[in-house]
Amino acid sequence: MNAPTVPAAPAPPRIQWPSLAAALVIMVAGTLYPPLMADAAGKADHNLAMALFWAMSAGFVRGVGFIPRARVWHLFFSGWSCLAGLLLAAVLRWGV
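Residues numbered from 1 in each chain as written. Predicted model: local features only at pLDDT ≥ 70, side-chain atom pairs only at ≥ 80, totals over all residues. Heavy atoms only, no water.

1. Examining the overall build of the protein chain
The condition that has to hold: Here a helix means four or more residues in a row that DSSP labels H or I, a strand means two or more in a row labelled E, and each is numbered from the N terminus. Relative accessible area decides the class of each residue, using a 1.4 Å probe on protein chains only: under 20% of the type maximum gives buried, over 50% gives exposed, and in between gives partly exposed. Here, two residues are considered to be in contact whenever any of their heavy atoms come within 4.5 Å of each other. Here the open area of atoms and residues is found with the Shrake-Rupley method and a 1.4 Å probe, where only the protein chains shown may cover a residue.
Scanning the protein chain from terminus to terminus reveals four helices and zero strands. Each helix and strand of the protein chain, ordered N terminal to C terminal, gives the series α-α-α-α. Projecting the C-alpha coordinates of the protein chain onto the three principal axes gives extents of approximately 75 × 25 × 20 Å. Each of the 96 residues in the protein chain was classed as buried or not, and the buried ones make up 27%. Put simply, of all contacts in the protein chain between residues at least 6 apart along the chain, 62% involve residues at least 24 apart. Entry remark: accessible area of the protein chain is about 7100 Å², with carbon and sulfur atoms responsible for 72%.

In structure tokens, the structure reads:
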């Protein structure tokens, strides 16, 4: 009789330093210099803020090593989505 096999434990989560560093930089920059998220007239640029907050959230989630199981959340909170949020913010801010 075969003994039941125990599934292998998933690899322990590891800190992803680039994502975590990006999130920390966005957090500190937004705290110390809020006009970063303002338009030329000094009013809040909500699209830019949304892109930066998405990048910051994805950076923190992935940076601490958490990988969501659900595919949709994995797409929104991965290291690549952190980069996508930063690129979107750059396009919105400077029209690159």
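2. A look at the nonpolar core
Using the following cut-off: The criterion is simple. A nonpolar core is a set of buried Ala, Val, Leu, Ile, Met, Phe, Trp, Tyr and Cys residues joined through side-chain atoms within 4.5 Å.
In terms of nonpolar packing, the biggest core is built from 10 residues, these being Ala 23, Ile 26, Met 37, Leu 48, Ala 49, Ala 51, Leu 52, Ala 55, Met 56 and Ala 89. Going through the elements one at a time, helix H1 (17-32) and helix H2 (46-63) are the ones with two or more residues in this core. Looking at which element gives the most residues to this core, the answer is H2, with six residues. Setting aside its immediate chain neighbours within four residues, Ala 23 contacts Met 56, Gly 59 and Phe 60.

3. Focus on a nonpolar patch on the surface
Here is the rule: By definition, no residue in a patch forms a salt bridge, and every one has over 30% relative accessible area; like charges are joined within 9 Å, nonpolar side chains (Val, Leu, Ile, Met, Phe, Trp, Tyr) within 5 Å. Within this document, salt bridges are pairs made up of a side-chain nitrogen of Lys or Arg and a carboxyl oxygen of Asp or Glu, the two lying within 4 Å of each other.
On the surface, Leu 24, Met 27, Val 28, Leu 32 and Tyr 33 cluster together into a nonpolar patch covering about 500 Å² of accessible area. Residue position: Val 28 is located in helix H1.

4. Side note on the packing of H2 against helix H4 (residues 79-94)
Filter applied, for reference: Helix axes are fitted to C-alpha atoms over the stretch in contact, other axes to C-alpha atoms as well, and angles between N-to-C directions run from 0 to 180 degrees. Any angle between 65 and 115 degrees counts as roughly perpendicular, while under 35 counts as roughly parallel, over 145 as roughly antiparallel, and the rest as oblique. Crossing chirality is assigned from the near helix's rotation relative to the far helix, an anticlockwise turn below a right angle marking it left-handed and a clockwise turn marking it right-handed. Charged means Asp, Glu, Lys or Arg here, nonpolar means Ala, Val, Leu, Ile, Met, Phe, Trp, Tyr, Cys or Pro, and polar covers whatever is left, Gly included.
For the pair H2 and H4, interaxial distance at closest approach is 8 Å and the crossing angle is 160°. As the angle between them shows, H2 and H4 are arranged roughly antiparallel. Here H2 runs over H4; the crossing is left-handed. Contacts from Asn 47, Leu 48, Met 50, Ala 51, Leu 52, Trp 54, Ala 55, Ala 58, Gly 59 and Arg 62 of H2 reach H4 at Gly 79, Ser 81, Cys 82, Ala 84, Gly 85, Leu 86, Leu 88, Ala 89, Leu 92 and Arg 93. A breakdown of the residues in the contact of H2 with H4 according to their chemical character gives 13 nonpolar, five polar and two charged.

5. Concerning the environment of Lys 43
Tracing the chain through its elements places Lys 43 in the loop between H1 and H2. Overall, the relative accessible area of 59% leaves Lys 43 in the exposed class. Every residue in contact with Lys 43, bar those within four places of it in the chain, is listed here: Met 37 and Ala 38.

6. Quick notes on the packing of aromatic side chains
This is how the line gets drawn: Note on aromatic contacts: the rings of Phe and Tyr and the six-membered ring of Trp form a pair at centre separations within 6.5 Å, being stacked when their planes are under 30 degrees apart, edge-to-face when over 60 apart, and tilted otherwise.
Within this structure, the stated rule accounts for two aromatic pairs. Centroid distance Trp 73 to Phe 76: 6.5 Å. Interplanar angle 50°. Geometry classified as tilted. Within this pair, Trp 73 and its partner Phe 76 are both found in helix H3 (residues 71-76), separated by three residues, close to a single helical turn. Owing to a relative accessible area of 41%, Phe 76 belongs among the partly exposed residues under this scheme. Of the residues examined, Trp 73 reaches a relative accessible area of 48% and is grouped as partly exposed. Through a chain of ring-to-ring contacts, the aromatic side chains of Trp 73, Phe 76 and Phe 77 assemble into a single cluster.

Taken by themselves, the reported measurements are silent on function.
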